[in-house]
Amino acid sequence: MPRLPGGPLLLALIVAGCSSSPAASAPGAPFAAGSPWPKFRGNAAQTARGTVHASTEGGAQWKFSTGAGIFSSPVVAADGTVYFGSADQTFYALNADGTPRWTIPTGEIIDSAGLLDDEGRVYFGSGDGILRAADAASGQIVWTMPADSPAATGAFINWFEGNVALGADGTLYVPNDDFRVYAVDRDAGSVEWAYTMPDQTWSLPAVDTAAGGLYVGNNNLLPILGKNTFAINPDGSTNWSMVSLGTVAASPLLTGAEIVVGGFDGYARAYAVADGTVLWELPTRDHIYASPAELPDGTIVQPSADGVVYAVSPDDGSLRWSYDTGSPLRSSPAVDADGHVYVGGGDGNLYVINPDGSLRFAMQLIDDVRNDLNSSPALGENAVYIGGESGEMFSVPYDWCLRPENSGDARCVKSIATPPDGASLTWVTAFGDSLPAAPASVPGNAPITLLLAVRSAGMQELAILDSSSIQVTLDPPAMTSVDVSGDGKFVTITPTVAFAPGPLSIAVQASYLTGLQRAGLALSGGQVAGTVGAMITTTVAAPSGGALDTTATYELSRLSIPLPTVMPSYNQIGFDQLHYLLGTVQSQGTEGVAWMIGAKLPPGGGPSVVDPATQAIFPLAFDLASDLATMNAADGLQVQIMSFTLPFQSFRLSLGFLPGGAAAGTAQLTGSAVCGGIPFYGPFLEQLGLCNPQTDVVRVLGAANVALRTDLAAPPTGGTVAFASTADAITATVTGSPVLTSQHLAAILVLDASSGQPVTLEYGTGTTRTSNADGTLATVTVPTKGVTLPAQMQVALMVDTTPVAQAMLP
């Protein structure tokens, strides 16, 4: 899903109606005949229960690769055809053996599931704002329905990413990011009514097929802005509404007299269908993105981003069992006829859990660093289907790892040792994976992040680090900064100067707090419950012999920000689609300045190109140490992500290079922002407990792919440039330039002439341009109002990543 675009995010659509009946047998819902999994969550009540029994026979094990990450969940037809969308802007139909049947390209990423009905159609939405009905057999488009314009609804975007539901009378219910939930005639594709929501809606309505009601949550972040869980009557009027502290992204489960859904405040709740009364609450240690499921005996199964699958009584929410996967869970579970629970892990494992909470088996489907299985499994007749961040759709026959002929499959694990009780600090990679030990070798300029876990009686406790107690000792000694995250869950040790090659030992000691008071996920109070320590031994890698090529352009892509854990839940598919181009402006000795701008994929496919409309523009000062480059915006920068401006107070990239200038591995990034300075979202981040209560700072950790681009042509040059400075702005007036503003990005970079450091300005969000009648560049202006400028400035007209003209200004 495109995360962080437009208002808050995520909605949980809830619909009243009876039925614990499994999968396609929900009474009155006209799903495709014989389909074992015709929609997201399997059926109208969204119990996620299938009718198939686990078997050690049949099925085909395969994987199918697409061009980008898969965040949508598959649906399965009676003949075994698997339908799903990908972030590569394509909707796929695969035969039961994994071969493609047909594809439908769209104008944007697809991260919502399709729906199969009894008229032989598949319905799906796309990020291009269009709902499509296609012939399920041929892929021929039957009709299309565009969502309302954001300008008409007051929204930021009009992406369809909330899946598709089906009422007993055949009406389609389709949420959209334009603050609407649409009721659509499935034969004509016409809108019957549209329900106005406070914010974007990402999840799927549960439908009461008997009474026709819908119960819907919403992305609304703050109680002062309105409600985020709604009961909607069949005519589109409101029955009741409730509010919780934070987004409701999960799709609700209807169990009869209650609906169950979790939210970003870390609680799963059961609401009374009649009036929305809260019947019980289940607190977890992190936000809830995944939707709940129901076991045959009525037990409610709820995964959380804290890595735990909780099984609770439907009567009072009391815990029956829990299973800790150790990695954030965003995949919504499916349940077979025997009560086995299938859920995708944040570590690339498909987990199969027995009805009593013991592990049946786990299977490692992704061994790449981008290994989240955020898609939710669909249960076919012979196999389980699930998509991954790696861009692959997997088919896993039932009980694959229990079949005697597969006893040698190294991907299969039948038991996982429970971590011992006590407190621990675990190494976390830049992609969010916890490792049992430090890597054997690390880059000298990369940050080191450790994650806190406190376990008692086999379960994790809610605990945070006491930031004032952190002590870090390095051997050999080195200059570092030590920062505890705003939520108190992880600590980052960043080298101020790159660590010297060779052995490195790091000793960390801290106190931790438990007994915390909470309002949603915002924590306060607590008492020191003990100390936690770690002794880390690794080796700083020797120089490769390579170096940053200061004449070249590099591409950063597939941004991942796994910590805090809420970041992927809001914007992982959006981060995953971001592309940046990075070039050197100037370099002298071991210091220099780089220029990073947003890029985009061309409509016809191929590598990314400059995006002339991007607002992602920022300079970075860098330091070189042999094959390492460390880039900083220590004085802050503003990054435009979708419709959201994130003002970082610090931003750091660590990169390494091979001979010839190629990048070694991935770029690691850290950043921080003052929550009070973040427009609109700041109070929400504070509410989620992501901001340090003393400093109001939120810290992030992530990584991005880096590639040397040798195919990009230098921008055209020519004409004359005159720079002028006023009290409010600096302007470059261009005469006779061949640069077309429709094809190239023009901006102004301002440096302090004495230090060579970039001056922090609104390069992306404030720069304006004008064009001549023939489309060529006429002027570029960057605002400086309210900024104390240096006495002497070096200014440069940047076209793409290249300085094409420079001057000194007083």
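1. Side note on the overall build of the protein chain
Broken down by element type, the protein chain carries three helices and 63 strands. Computed over C-alpha atoms, the radius of gyration of the protein chain comes to 27 Å, within 12% of the 28 Å expected from 2.2 N^0.38 for 810 residues, which places it in the range of a compact globule. When the backbone C-alpha atoms are referred to their principal axes, the protein chain occupies close to 75 × 65 × 55 Å. The buried share of the protein chain, reckoned over its 810 residues, is 61%. When contacts within the protein chain are restricted to residue pairs at least 6 apart in sequence, long-range pairs at least 24 apart make up 59% of them. Accessible area for the protein chain stands at about 26900 Å²; split by element, carbon and sulfur atoms hold 52% of it. The averaged location of the 69 negative side-chain charges in the protein chain is 2 Å from the averaged location of its 30 positive side-chain charges.

2. Looking at the pairing of strand β63 (residues 802-809)
With seven bridges connecting them, strand β62 (residues 793-799) and β63 associate as antiparallel partners. Looking across to β63, one finds that L797 is bridged to A805.

3. Section: helix α2 (residues 566-576)
Of all 11 residues in α2, 11 are buried, a share of seventy percent or more. Residues V566, M567, P568, S569, Y570, N571, Q572, I573, G574, F575 and D576 constitute the buried set of α2.

4. Quick word on the pattern of salt bridges
For the structure shown, the criterion picks out 22 salt bridges. The residue R121 makes a salt bridge to E119 at a minimum N-O spacing of 3.1 Å. With a closest N to O distance of 2.9 Å, D399 and R360 form a salt bridge. Here the residue D399 occupies a position in the loop between β33 (392-397) and β34 (412-413), and R360 occupies one in strand β30 (residues 359-364), the gap between them amounting to 39 residues. Through salt bridges that share partners, D117, D118, E119, R121, R186 and D187 make up one connected network.

5. Notes on the sheet that holds strand β8 (residues 121-125)
Spatially, four strands are ordered β7-β8-β9-β10 in an open sheet, and the strand pairing comes out antiparallel. Either end of the sheet is taken by a strand with one partner, and the two such strands are β7 (115-116) and β10 (141-146). Bridge count for β7 against β8 is two bridges, and the pairing is antiparallel. Along β8, the bridge assignment pairs L116 with V122.

6. Focus: the packing of aromatic side chains
Summed over all chains, the structure comprises 21 aromatic pairs. The rings of Y83, F91, W102 and F124 are connected pair by pair, giving a single aromatic cluster. Across from the ring centre of F40, 5.6 Å away, lies the NZ or CZ of R41, which sits over that ring.

7. A look at the pairing of strand β16 (residues 214-217)
Both faces of β16 are covered, namely the face carrying L214 and V216 and the face carrying Y215 and G217. As paired strands, strand β15 (residues 206-207) and β16 are joined by two bridges and run antiparallel to one another. In the strand pairing of β16, V207 is matched with L214. Between the end of β15 and the start of β16, which pair antiparallel, lie six residues, with G212 showing a positive phi angle near 90 degrees. Summarising the sheet, β16 and strand β17 (residues 229-232) pair through four bridges and their orientation is antiparallel. In the sheet register, V216 faces β17, and the bridge partner there is F230.

8. Quick look at the nonpolar core
For soluble globular proteins, nonpolar side chains are generally found buried alongside one another. L620, M631 and L653 are the most contacted members of the largest nonpolar core, which totals 51 residues. Listed in part, the 49 residues of the second largest apolar core include A48, F84, A311 and Y342.

9. Looking at a nonpolar patch on the surface
A contiguous nonpolar patch, built from I224, L225 and F680 and spanning about 340 Å² of accessible area, is present on the exposed surface. Examined against the element boundaries, L225 turns out to sit in the loop between β16 and β17. With relative accessibility at 43%, the residue L225 sits in the partly exposed group.

10. Here's the deal with the confidence of the model for the protein chain
Looking at the protein chain, pLDDT values average 92 and 95% of them are 70 or higher. Scored below 50 in pLDDT, residues 1-26 shows 192 contacts in the model against residues more than four places distant or in partner chains.

11. Some thoughts on the state of the cysteines
Overall, the coordinates contain two disulfides when judged by the stated rule. One disulfide in the model links C401 with C412; its S-S distance is 2.0 Å. Residues C401 and C412 share a disulfide whose torsion about the S-S bond is about -70 degrees; that sign makes it left-handed. Linking C401 in the loop between β33 and β34 with C412 in strand β34, this pair joins segments that are 11 residues apart in sequence. Accessibility classification places C401 together with C412 in one group, the buried group.

12. With respect to the side chain of E161
Following the sequence through the fold, E161 ends up in the loop between α1 (150-153) and β11 (165-166). Judged by its relative accessible area of 0%, E161 falls in the buried class. Here the side chain of E161 touches W202 through a polar contact of 2.8 Å, side chain to side chain.

The rules behind the values
- Residues numbered from 1 in each chain as written.
- Predicted model: local features only at pLDDT ≥ 70, side-chain atom pairs only at ≥ 80, totals over all residues.
- Heavy atoms only, no water.
- Helix = DSSP H or I, 4+ residues; strand = E, 2+ residues; numbered from the N terminus.
- Rg over C-alpha atoms; globule rule 2.2 N^0.38 Å.
- Buried < 20%, exposed > 50% of the residue type's maximum accessible area, 1.4 Å probe, protein only.
- Contact = heavy atoms within 4.5 Å.
- Areas by Shrake-Rupley, 256 points an atom, 1.4 Å probe, with all protein chains shown as cover.
- Lys, Arg positive; Asp, Glu negative; His and termini not counted.
- Charge placed at Lys NZ, Arg CZ, Asp CG, Glu CD.
- Pairing = 2+ DSSP bridges.
- Salt bridge = Lys/Arg side-chain N within 4 Å of Asp/Glu carboxyl O.
- Phe/Tyr/Trp six-rings, centres within 6.5 Å; stacked < 30°, edge-to-face > 60°.
- Lys NZ or Arg CZ within 6 Å of the ring centre and 35° of its normal.
- Core = buried A, V, L, I, M, F, W, Y, C linked by side-chain atoms within 4.5 Å.
- Patch = residues over 30% accessible without salt bridge, like charges linked within 9 Å, V, L, I, M, F, W, Y side chains within 5 Å.
- pLDDT = per-residue confidence, 0-100.
- Disulfide = S-S within 2.5 Å.
- Polar contact = N/O pair within 3.5 Å; in protein donor to acceptor, adjacent residues only side chain to side chain.

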